[in-house]
Each structure stands twice: as structure tokens, then as C-alpha cells.
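# Descriptive structure summary
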Amino acid sequence: LASYDSSPKINPQFTTDSFTILTTIDLEKIKIEFGTPTFVYDEQILRSNAKEVMSFPHEFGLFPRYAMKSAPTAAILRIFNQEGLGIDASSVHEVERAIRSGFGTELISLSTQELAEDIKYFAQDGVKVNLCSLNQIHRFASLTKGQKIGLRFNPGMGSGGTNRTNVGGPSSSFGIWKEDIGEAKRLCKEYGLKVERIHTHIGSGSDPEIWKKVASMSLDIVSQFPSVHTLNLGGGYKVARMPDERATNLQEIGEPVRKLFIEFEKETARKLKLEIEPGTFLLAHACSLVSTIQDVTTTGKDGYRFLKLNTGMTEILRPSLYGAQHPIFVVPEPGQESFREQCPQVIVGHCCESGDLLTPAPGDPEALAPRLLPRGEIDDICVIEGAGAYCSSMSAKNYNSFPEAAEVLKKTDGTLAFIRKRQTFDQLIENEVVP
């Protein structure tokens, strides 16, 4: 069986330097004042990441949009609004949440797998809509007339750590297939839709050559639509949660794209505005999930030592879904640190589900991969890092009827405050009706 050793190569013993955003004092406050499990976001890191995104290389204008599906809590949306980001929404429900959090409709772009009828009202109010299939062109035209629109295309190439994070190429349903460009043009002309934006998104990755190639393919699509003034290249900027992972360097992948925009302008006299849609890059390292070890069990000398947390796939589904890796730290009770030897341990969640595994082998959600960590005991704190993106928003919510976890913001002055209270049991069942 694979062994994936995340912490000893960096910090053989637990110290406060092990954590990105939290101190031992923070952990004690969280456990006492907010309880566990709790997501804790760092405002300073959120704002710093937003500023880095705003510096993405460009030549004729840039507008970054926050992919709010990665974490749609209102307090986070408001921070990014203040930092000058727009919104990339994936449903009309996300559009509504963004508006309620303070975003103007003109700052919101919608690319969705399900084009709800309500979109006609949002589009009339200024929300920018990217149509993602030929059928969506038909449907949108039946709902509203003479609108300016965007078209999302699948350029035929994708990128991702697994097939589940790859959203381009023939195995992906996202976007209008590249060979259907002619039909898309015909339908837009027939319905009187003016195409002003082209959108592509290939998935997660960090290879500058892939981004350059996809940008070039996307510009070829733009060249077929004379009315287009904006090219949106999506997001998917990979972060390195683990020591052996390679993170995306925004300047490194952005500079070749900037040069392609310059070349396009020389050839066509068209100065295209660039849009990008980061989510993981902004959020991943800005949050830790704080939990408590609530049980410990072993399966003999030829088996494993299991640490059972009071969290799991109800808060963080990524490891169970596709074998994603997260840094994990066991924090012994104060004064116990020096008395805990390290040993291989498997971390599991609290759900009655064999797939509720937090330490799978990399890329293999079914294989156990023990971590070498301080020997965990009941009531120790366990911190899961890199939990800012696609964790609180993408979970097996309420599975086994566990209430939704709390979310807390560590503000720039170091204080901690609720941004989402823990769900009560009454809230969990309030919509049920017994006929």
C-alpha cells in the first residue's frame, strides 16, 4: 500500500509554523467559542491573492471574475467585491447570491449547465450570459430577444489532474464543440443575437505551453466572430497543496497569452479584453478546516491505526471524490507535543460510508495511504489545510443527517468572527412535510 508522508519532511514535530493561518491560541479559541468542525478563512490571504490575480499579464484590459462556486459565502464575496473582482456564476441561484452580497448585475457573468427561465430577467438587468450549447442558444432566444451574448466553446483540448477536473476535449460536456462553430454562428444570426464574448475553460493545470496553445485555439475562434471584444480563458490555476505538487505561476502562464493578444491585434486591428475566472487560486490556501479526533481504532499488526474525525465528506469531499491530497496536522493537547511519537495513521471521517476517507493514495480515492503524524488521541485537534476551495461548497451536505459546519473569518486584525453559523438540527429538517 502507498505511503504518503506529508509533514515529516517539512516539520518532524508539530510547531505553530506548521500552519498557514492559525496559531495554537487560535485553535483553542475556535474549539471553545465556535466548536468543531469549522472552516476558518484568513482575510489577509484572501485580499493578497485577489491583488495577485489583478496583476495577471494583459495588454488591452483585464477583468478577473471570482468563480464563486468554489466558496459562495457572502462575506467572502464581499471581500472580493471590495478588491475589484467580478463574478463567474454557474447557476441562476449563484447570480442571486452574488446580487444579495452586493455585486451589481453588470459585474456578473453566468456560464451554466442548466439555463433556467429566470435568466431572462437577469439578462435584462445586465448579467452577462455565456451560452454553453446549441440548445441553450435556442432556449435563450425563446426567452428574450435581441440580446448581446457570449458563447462558451470546447476547443477540443483539456487539462486536469484527473478526468474529473478536466473540462475540455471530447470527454467533456462543457461548451459548444469546436466543430459546431458554424451552426452556432448561423443560429445567432437567425435569432438576432450579437456575440460579444467568447469563453473557453479547459480545467486545472499549470503547464504554460498548454495555456498558450489553448489561448491560440481560442483566438482562432474569436477571429470568426467580428463583433467579439472579450475573450474569457476561464480559471483552473492549480495550487500546490502538497510538497510534491507544482503550482501555477500566473506571470509565467500569462505572459505568452499577453503576447498572443498583441499578435492578434496586429493581424486584425482588434484589441481584445481578457477575462479570467480563478477560484482555487484565490481560496485554497486561505482556509483550514479545524476538526476534533472523536475516536481511534486499529485493525491489528497487519492493519492500520485509524483516526476518526468529527468531520469528513460532509465538509470535504475532494479526497473521496478523486483522491485529492490535503496537508493534515494532528495537534496534541497543550504540553503533550513532546510525548507523542510519530506513526503511520489513516484519517477517516464520521460518516457511515467506506468512502469517507481523508488520506487516500494520490489520485486513487479507493486506496489507503497512511500519513506519518504525531500519534493522535481522542479530543486532539486535527487541522486539514488547503480547504478553502470546493470544500464548504462541494460536500455531501447533511449525509447521515450531520448539520452543516460553521464558517469563521480570521480578520486582518487577528480577531475571529462567524461568517456562517453552524446549522441547527431544526434547520436541517425544516422543509420536510409529512402528508
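Just so you know, these numbers come straight off a predicted model, no measurement behind them.

This brings us to helix α6 (residues 134-143). Taken together, the buried positions of α6 are Gln136, Ile137, Phe140, Ala141 and Leu143. Taken around the axis of α6, the buried residues stretch over an arc of 160 degrees, which confines them to a single face. Seen from the open side of α6, the exposed residues pointing more than 90 degrees away from its buried face are Asn135 and Ser142. Tucked into the core, α6 has its buried residues touching α5 (119-124), β5 (128-131), β6 (148-154), β7 (176-177) and α7 (181-191).

This next bit is on unusual backbone geometry. With omega at 0 degrees, the peptide bond leading from Thr36 into Pro37 counts as cis. Here Pro37 is to be found in the loop between α1 (24-34) and β1 (38-42). Of note, Tyr390 is a non-glycine position whose phi angle comes to about 55 degrees, a positive value. Mapping Tyr390 onto the fold places it in the loop between β18 (381-385) and β19 (406-410).

Take the packing of aromatic side chains next. By the definition in use, this model includes 6 aromatic pairs. Aromatic pair Phe34 and Phe418: ring centres 4.8 Å apart, planes at 85 degrees, arrangement edge-to-face. With Phe34 in helix α1 and Phe418 in strand β20 (residues 416-420), the pair connects residues that are 384 residues apart, well separated along the chain. Owing to a relative accessible area of 11%, Phe34 belongs among the buried residues under this scheme. For Phe418, a relative accessible area of 37% gives the class partly exposed. With a centroid separation of 6.0 Å and 35 degrees between ring planes, the pair formed by Phe56 and Tyr237 is classed as tilted. Highlighted residues: Phe56 in the loop between α2 (43-54) and β2 (62-67) and Tyr237 in the loop between β9 (230-232) and α9 (250-268), separated in sequence by 181 residues.

Of all 5 residues making up β19, 5 are buried, and the element is well covered by its neighbours. Every second residue of β19 is oriented toward a common face, with Ala406, Val408 and Lys410 on one face and Glu407 and Leu409 on the other, all of them buried. The sheet contact formed by β19 and β20 spans 4 bridges and is antiparallel. Residue pairing for β20: Val408 is matched across the bridge by Phe418. What sits between β19 and β20 in their antiparallel hairpin is a turn of 5 residues, with Gly414 showing a positive phi close to 90 degrees.

About the cut-offs
Residues numbered from 1 in each chain as written. Predicted model: local features only at pLDDT ≥ 70, side-chain atom pairs only at ≥ 80, totals over all residues. Heavy atoms only, no water. Buried < 20%, exposed > 50% of the residue type's maximum accessible area, 1.4 Å probe, protein only. Helix = DSSP H or I, 4+ residues; strand = E, 2+ residues; numbered from the N terminus. Arc of directions from axis to C-beta. Contact = heavy atoms within 4.5 Å. Phe/Tyr/Trp six-rings, centres within 6.5 Å; stacked < 30°, edge-to-face > 60°. Pairing = 2+ DSSP bridges.

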